[in-house]
Amino acid sequence: MQGAVLVAIAAAIGNLLQGWDNATIAGAVLYIKREFHLETQPALEGLVVATSLIGATIITTFSGPVSDAVGRRPMLIASSLLYFAAGLIMLWSPTVLVLLLARLVDGFGVGLAVTLVPVYISETAPPEIRGLLNTLPQFTGSFGMFFSYCMIFYMTLGPRPRWRFMLGVLSIPSLAYLALTLLYLPESPRWLVSKGRMKEARAILQMLRGRDDVSGEMALLVEGLGSGGDTVIEEYVLGPAADADHDTCRDQQVTLYGPEQGLSWVAQQVQGSVLGSAVELASRQGSMYEQMKDPVVTLLGSVHEKMPAEGAAGSARGSTLFPNLGSMLSVAERPGDWDEENVPPNDDLDEEDEEYLSDEEGGALQAPLLSRQSTDVGEAKKQPAAEGGSSAGSGGMQRYSSVTAGGETASTMGIGGGWQLAWKWTEKVGPDGVKRGGVKRMYLHEDGGDQSSGPAGEYVHAAALVNRSMLYTKDVMIGQSPTPAFENPPETVASKAAAAGPRWRELLEPGVRRALLCGVMIQILQQFSGINGVLYYTPQILDQAGVSVLLASLGLSADSTSILISGLTTLLMLPSIGLAMRLMDVSGRRTLLLWTIPVLIASLVVLIVANVAPMATTVHAALSTGSVIVYFCCFVMGFGPIPNILCAEIFPTRVRGLCIAICSLTFWLGDIAVTYSLPVMLSSVGLAGVFGFYAVVCCLALIFVYIKVPETKGFPLEVIIEFFNIGAKAAEEEEQQQRSQLG
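Owing to the predicted nature of the structure, the values given are computational and were not obtained by experimental measurement. (Residues numbered from 1 in each chain as written. Predicted model: local features only at pLDDT ≥ 70, side-chain atom pairs only at ≥ 80, totals over all residues. Heavy atoms only, no water.)

## Some remarks on unusual backbone geometry
For clarity, the cut-off: Throughout this description, buried means an accessible area under 20% of the type-specific maximum (1.4 Å probe, protein chains only), exposed means over 50%, and partly exposed covers the range between. Only DSSP runs of H or I covering at least 4 residues are called helices, and only runs of E covering at least 2 are called strands; the numbering of each starts at the N terminus.
Of note, the phi angle at His 37 is positive, near 55°, even though the residue is not glycine. Residue classification places His 37 among the exposed positions, given a relative accessible area of 56%. We note that Ser 93 has phi near 30°; this positive angle belongs to a residue other than glycine. Along the polypeptide, Ser 93 turns up in the loop between α4 (72–92) and α5 (96–124).

And the structure:
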């Protein structure tokens, strides 16, 4: 995973520049207002700082759709160029108007980085360490602030600090960021797949994962292009074929064949779905608090609870579900690479074949995983489908790791996080009485349930998310051809997406709408939880605690003391962010929020008490200083990085840029609202009232996280959105039942 780690570090430099800029303007504004005589123009002084927020808000409005159209990498390159240009203009800045222009350009760069770096890291990182890597922007941003404070503090020790140099030095690290984006950062493989550029996506995935066989993940990315509105959850029991009675319940079995001669596994579906058991158990038998949970939270929590105890995401054990099944595309007989450039078109599909799977929107990308054959299996001139896992011949099936059973076949591949990708072949009798086959894909995960040992191995319980296949939209037969067939219809789902761009109507799909509500609300609650207010008043609070007096006794000026206090406060955040990086994929996002938000509430309550209750100066100083430090440390562990991480994980590839732009726009609008409402609130309710408001918002955030925010650690991105689709469907069904009961 070294490639993915290095790429994430390089991308996170964009957030380092954001933190750098935030710190430099905080120090430079002390000297800017003196040179331009802004002491009597507080509105203009505030505009110098806030113009960057305005620029970020403007660019965020367009960044999502544009990144979906042109890619993530060009937008990160644009961000580095904007940072560089802003640094040069700020270094010049002869007037306030030129400085405001520079701050606007700087805001454009900040907005692109904050919006797209989490998306880029999520789309390139493996599921097992995605949370860790997506916490890097928080770490680099805080490190940039600390480094910048150190630089500014050193400058303030001189006789004539130069604010233009403080701001203009931003162009130096931005050059390094530009070099990394141009020469090192690859394009997101998920975006490339969405545009049908399979060969490039495969090469980049091989570099990111450090291995040649990435066929499972490539297939996953193609499957993730489709809508998952009709996804269902099924349960299976898997075991060695030698232990199974093939004459019993044959129609309910799926036999999984491995690449080695004589190796096979049998899957038998368990009646009753995980969806029904998980949701109904929570709504009928759980406590009142459990009944309030969103079905998505219940479903994902159920999966995590049933995972094997040896690893939170199953990453430590690798492919525990099918330990002997290799990737079908890694066999020696596999001809050529899987890409659109050497895939000839296949035009022998008749209208009935296309009509059978008309909901597939005209076809999709194909790969040499299953052999496409004519599927009129009811006619004597066609070869019959395999039955009972035997008639197709072991040579073809085992050679390509095919899976065959009575009326159903499947093939499996690992896709990360302990999940397996499989395809189930089913038969359907058409209006003309002819039996035809269709393919459905399955995301499988061992649920860690009861296992029983058989003569040749273990039986394993697994949950499966079953939906139509985007990879195989035409009818296929398995094991009937000695050579896998390549097919790339002229109009693929990927080419449609490339031509149409983001589809706004898809935001109204139940699963996407549910995910978008979660993302927007978590951003609003984060902004109104008090971070800006506490940051703004940290120097005042620490001054009351006597810290500034102590530092002033060392011979420091008031300006140097203020900068040093801010730098020390930032330094305290770095170990906490490092701990969060370690826990993000172990404890999980939801758990960190549920543990850190109560601490935020407690620290705000202590700040309120310290401001309203009479107490000794020493006690007041100790309480205020301790509360601020605890607040900062807990915020950067949970509520700081996690909203951006969640928003980069819960949306489907085809509209991820658009949805993340909406969430980021909410972030910037909330930032502006909090910043400008703070003076008004202070004048009306005082500092204690402001902290009280923040504490109430944190309480609401805790309730919202418990009810609406699911645990996403270790899940492939394509699997997460499927759970949102299932949860939305379950909620709609429950509402319909309630209406019918009331009616």
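There is more to say, and it comes next.
## Concerning the packing of aromatic side chains
Quick note on the threshold: When two rings of Phe, Tyr or Trp (its six-membered ring) have centres within 6.5 Å they constitute a pair, described as stacked for plane angles under 30 degrees, edge-to-face for angles over 60, and tilted for the intermediate range. Remark: a charge is flagged as sitting over a ring if the NZ atom of Lys or the CZ atom of Arg is within 6 Å of the ring centre and within 35 degrees of the ring normal.
Within this structure, the stated rule accounts for eleven aromatic pairs. Relative to Phe 723, the ring of Phe 715 has its centre 5.8 Å away and its plane inclined at 45°; by these criteria the two rings are tilted. Note on accessibility: Phe 715 and Phe 723 belong to one class, buried. Linked through ring pairs, Tyr 631, Phe 632, Phe 635 and Phe 639 together constitute an aromatic cluster. Lying over the aromatic face of Phe 165, Arg 162 brings its terminal NZ or CZ to 5.8 Å of the ring centre.

## With respect to helix α19 (residues 510–527)
Here is the rule we go by: Expected span, for any helix, means 1.5 Å times one less than how many residues it has.
With 18 residues, α19 should reach 26 Å at 1.5 Å per residue; the first-to-last C-alpha distance of 26 Å fits that figure. Residues of α19 that are buried: Gly 511, Val 512, Ala 515, Leu 516, Cys 518, Gly 519, Val 520, Ile 522, Gln 523, Leu 525, Gln 526 and Gln 527.

## Considerations on helix α26 (residues 656–708)
Because each turn of an α-helix spans 3.6 residues, side chains separated by three or four positions end up pointing in the same direction. Keep this limit in mind: In this analysis the local bend is the angle between axes fitted, respectively, to the seven residues ending at and the seven residues starting at the residue.
For α26, spanning 53 residues, the distance from its first C-alpha to its last is only 20 Å, which falls clearly below the expected 78 Å at 1.5 Å a residue. Its axis deflected by about 115° at Val 685, α26 carries its strongest bend there.

## Remarks on the side chain of Gln 526
To keep things clear, this is the line we draw: Whenever two N or O atoms come within 3.5 Å, that pair is a polar contact, provided that in protein one can donate a hydrogen and the other can accept it, and provided that, for residues adjacent in sequence, both atoms are side-chain atoms. We call two residues contacting when some pair of their heavy atoms lies within 4.5 Å.
Within the fold, Gln 526 resides in helix α19. On the basis of relative accessibility, which here comes to 4%, the residue Gln 526 falls in the buried class. Here the side chain of Gln 526 touches Gly 640 through a polar contact of 3.0 Å, landing on its backbone oxygen. The residues contacting Gln 526, other than those within four sequence positions of it, are Ile 531, Phe 635, Phe 639, Gly 640, Pro 643 and Phe 667.

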